[in-house]
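Residue strings, one per chain:
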Amino acid sequence: FALYSNYLIALQSFNRNPITGSGLGTHEHTYVTYFEAFFGKKFLIMYGMFNAKDGNSLFIRLMSETGLMGLFMVFLYIFKFRLKKKHVVSSQTYYYLILNQAVFIVFVIRLIRTGNYIGQGFFFFFFLYYFTYKLTMQEAGKSKNAAVIEQLTEIKFTLLN
C-alpha cells in the first residue's frame, strides 16, 4: 500500500509540474496535501502516513520532486557511466567492471524501493560508480596508447632494417 499510495500522490504532483517537479524535499508536503483526497481522513487516522518522507521509491520521489528533468539526469548518469564487458582491458579493469555492475544493481533496487537520497551510503555508491568508470576508461586509454606505440616501434624497426 505504501508504494501504491506514494505513486498516486507523486503522479498527481507530476501532473501539476511535469518538467521540473515540485522541488527537492517537497514530497512529504505533497503527500499530506493529496492523501486525504485519495484515501479519506478516516484512513489517515486509522493507519497513518506510509513512507511519506521518502516516497518508498527513489523513482517515485524523483518523479514528484524533480519531474522529467531530474529523472532524465539520473538515468543519464546511470547509463553514461555503466561499464560493459567490452571495456575490460586488464585484470584490474575486470574488478572495476564487477564493482560498477554491482553498484548498478544497487541503483536499480534504490529506484524501486528506497526513496531516501542520503541513506545507506548512497553517495558512496554514487561516487564509486563514477570512479570505477573513469579508472577503467583511463586504463583503456593507456592500453590503446601502448598498442599504438608498439605498432609505431615495429614500423620504425622495419624501416631501419
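Going by the structure above, here's the rest.
Small disclaimer: the values here were computed from a predicted structure and weren't measured. (Residues numbered from 1 in each chain as written. Predicted model: local features only at pLDDT ≥ 70, side-chain atom pairs only at ≥ 80, totals over all residues. Heavy atoms only, no water.)

## A closer look at unusual backbone geometry
Part 1: Residue N56 is not a glycine yet carries a positive backbone phi of 65 degrees.
Part 2: Relative to the helices and strands, N56 is located in the loop between α3 (41-47) and α4 (58-80).
Part 3: Overall, the relative accessible area of 5% leaves N56 in the buried class. (Helix = DSSP H or I, 4+ residues; strand = E, 2+ residues; numbered from the N terminus. Buried < 20%, exposed > 50% of the residue type's maximum accessible area, 1.4 Å probe, protein only.)

## Some thoughts on the pattern of salt bridges
Part 1: Applying the stated criterion across every chain yields a total of one salt bridge.
Part 2: Where R61 meets E65, a salt bridge forms, and the shortest distance between an N and an O atom there is 3.0 Å. Of this pair, R61 and E65 both sit in helix α4, separated by four residues, roughly a single helical turn. Accessibility classification places R61 together with E65 in one group, the buried group. (Salt bridge = Lys/Arg side-chain N within 4 Å of Asp/Glu carboxyl O.)

## Let's talk about helix α1 (residues 2-16)
Part 1: Under the 1.5 Å per step criterion, the end-to-end length of α1 is 21 Å for 15 residues, consistent within 8% with the ideal 21 Å.
Part 2: On its buried face, α1 is in contact with α2 (27-39) and α4. (Expected span 1.5 Å × (residues − 1). Contact = heavy atoms within 4.5 Å.)

## Digging into the packing of aromatic side chains
Part 1: For the structure on display, the rule yields 21 aromatic pairs.
Part 2: With a centroid separation of 5.7 Å and 85 degrees between ring planes, the pair formed by F126 and F127 is classed as edge-to-face.
Part 3: The interplanar angle of 65 degrees and the centroid separation of 5.3 Å between the aromatic rings of Y130 and F131 together place this pair among those described as edge-to-face.
Part 4: With relative accessibility at 27%, the residue Y130 sits in the partly exposed group.
Part 5: Classification of F131 by relative accessible area gives partly exposed; the value is 45%.
Part 6: Through a chain of ring-to-ring contacts, three or more aromatic side chains come together here, namely Y77, F81, F107, F122, F123, F126, F127, Y129, Y130, F131 and Y133.
Part 7: Its guanidinium or amino end placed over the ring of F104, R82 lies 4.2 Å from that ring's centre, counting from NZ or CZ. (Phe/Tyr/Trp six-rings, centres within 6.5 Å; stacked < 30°, edge-to-face > 60°. Lys NZ or Arg CZ within 6 Å of the ring centre and 35° of its normal.)

## Some details on the environment of N17
Part 1: Note that N17 resides in the loop between α1 and α2.
Part 2: A relative accessible area of 31% means that N17 is categorised as partly exposed.
Part 3: Separated by 49 residues in sequence, N17 and T66 place their C-alpha atoms 8.8 Å apart.
Part 4: Filtering out sequence-adjacent residues up to four positions away, N17 remains in contact with S22 and G67.

Functional significance is not addressed by these values, which are geometric in nature.
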